[in-house]
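This is what each chain is made of:
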Amino acid sequence: MRFDSYHPMINFIYFAAAIACTVCFKHPVFLAISFVCAFLYSVKLNGWKNLVLNLCLVILAVAYANCYASYNHFGVTNIKSNYIGNYITLESVAYGLVQGMTVTTVIIWFCCIFKLVTADKVVYLFGRISPRLSLFLSILLRTIPRIGVRAKRIEISREGIGRGIRQGNLWQRFLHLLALISILITWTLEDFVESSNSMKSRGYSLRGRTAFSIYRFDNRDRGLVIVFFWCLTGIMMAVLFNQTRIYFDPQIIMNRITAVSYVFYGVYAMFLLLPMILQIVGEYHFRQLCKQNNSKRGRDF
């Protein structure tokens, strides 16, 4: 029941639709739903350590909104004047916050992608369309998680010779950090070259090459696709009824929130939360099966 156990095409449809909706919908309610769903899903996949990253991204989004409103002046609702006498308007602050939260939400979605979409899924999706593109994406998706692991290994080895980033005075720590980054970049580039040469030597870029895959599109996948497209149909209806549109210049203008609007909000939230719900249900069933197996073993003994 886990979302990563479904067909790779379903993973691609979901994340492509989620990111597209996040980028296109500037309405604060839809953007808030996207952010909350991405936030919860990333914490579910990556643990509570991702909570700190998400909160730091929110702080950066608020800082960007403040900076944007200080240098972009439009709107009719004045809040206060800055240090050079220009007025900061509510419309500029809102638009800057929407832009910052949009980028933040997209980054969080990509954190979920790096956790679920593995290299073999990328090769399966893009191998026949563009072998070179699939090779590049598979190497990229594999390399990004390994950069942190390699950085820890380099730091541990350099601490053994007294050159860790937490050793020495402030200037020495800065030099040790630069050396660590230099080693990490060199190691990563060498890994790119080795992976590329290895794949080419196996005939990966030859025309007409076939690839083995373990993915089959079964009835479970078809059922989830039907639910996805039902939700996407509801989202498209919200677009047609102008429920996702908002204007910030010269003032904030959007359609009045009605009972039908809450239906669209619910459909959008259900679409974004469905993979996390499947993850939770799958883990619950797995724990129940483990308990049943343990109880059967206890009765056998």
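Right above here is the structure, for reference.
For the structure given in this document, a descriptive report is provided here. (Residues numbered from 1 in each chain as written. Predicted model: local features only at pLDDT ≥ 70, side-chain atom pairs only at ≥ 80, totals over all residues. Heavy atoms only, no water.)

Helices and strands together make up the secondary structure of the protein chain, namely nine helices and four strands. Mapped from its N terminus to its C terminus, the protein chain presents α and β elements in the order α-α-α-β-β-α-α-α-α-α-β-β-α. A total of 301 residues make up the protein chain; the buried ones form 37% of that total. Across the protein chain, every contact between residues at least 6 apart in sequence was considered, and the portion connecting residues at least 24 apart equals 70%. Only carbon and sulfur atoms are counted for the fraction: they give 66% of the accessible area of the protein chain, which is about 18400 Å². (Helix = DSSP H or I, 4+ residues; strand = E, 2+ residues; numbered from the N terminus. Buried < 20%, exposed > 50% of the residue type's maximum accessible area, 1.4 Å probe, protein only. Contact = heavy atoms within 4.5 Å. Areas by Shrake-Rupley, 256 points an atom, 1.4 Å probe, with all protein chains shown as cover.)

Moving on, we come to the packing of aromatic side chains. The full count for this structure, using the stated rule, is 18 aromatic pairs. Aromatic side chains Phe25 and Phe30 sit 5.5 Å apart centroid to centroid with 65 degrees between the ring planes, which places their arrangement in the edge-to-face category. What makes Phe30 buried here is its relative accessible area of 0%. Aromatic side chains Tyr64 and Tyr68 sit 6.0 Å apart centroid to centroid with 35 degrees between the ring planes, which places their arrangement in the tilted category. One end of the pair is Tyr64 and the other is Tyr68, both in helix H3 (residues 49-71) and four residues apart, which spans about a single turn. The class of Tyr64 is partly exposed, set by a relative accessible area of 38%. It is Arg220 that lies over the ring of Tyr6; its NZ or CZ is 4.1 Å from the centre. (Phe/Tyr/Trp six-rings, centres within 6.5 Å; stacked < 30°, edge-to-face > 60°. Lys NZ or Arg CZ within 6 Å of the ring centre and 35° of its normal.)

As a further point, take the packing of helix H2 (residues 28-46) against H3. Here H2 crosses H3 at 150 degrees, and the two axes come no closer than 7 Å. Our classification of the angle between H2 and H3 gives roughly antiparallel. Residues Phe35, Phe39, Ser42, Val43 and Asn46 of H2 form the contact with H3, whose participating residues are Lys49, Asn50, Leu51, Asn54, Leu55 and Val58. Class assignment of the residues belonging to the contact of H2 with H3 gives a composition of six nonpolar, four polar and one charged. (Axes fitted to C-alpha atoms, helices over the stretch in contact; angles between N-to-C directions. Parallel < 35°, antiparallel > 145°, perpendicular 65-115°, else oblique. Nonpolar A, V, L, I, M, F, W, Y, C, P; charged D, E, K, R; others polar.)

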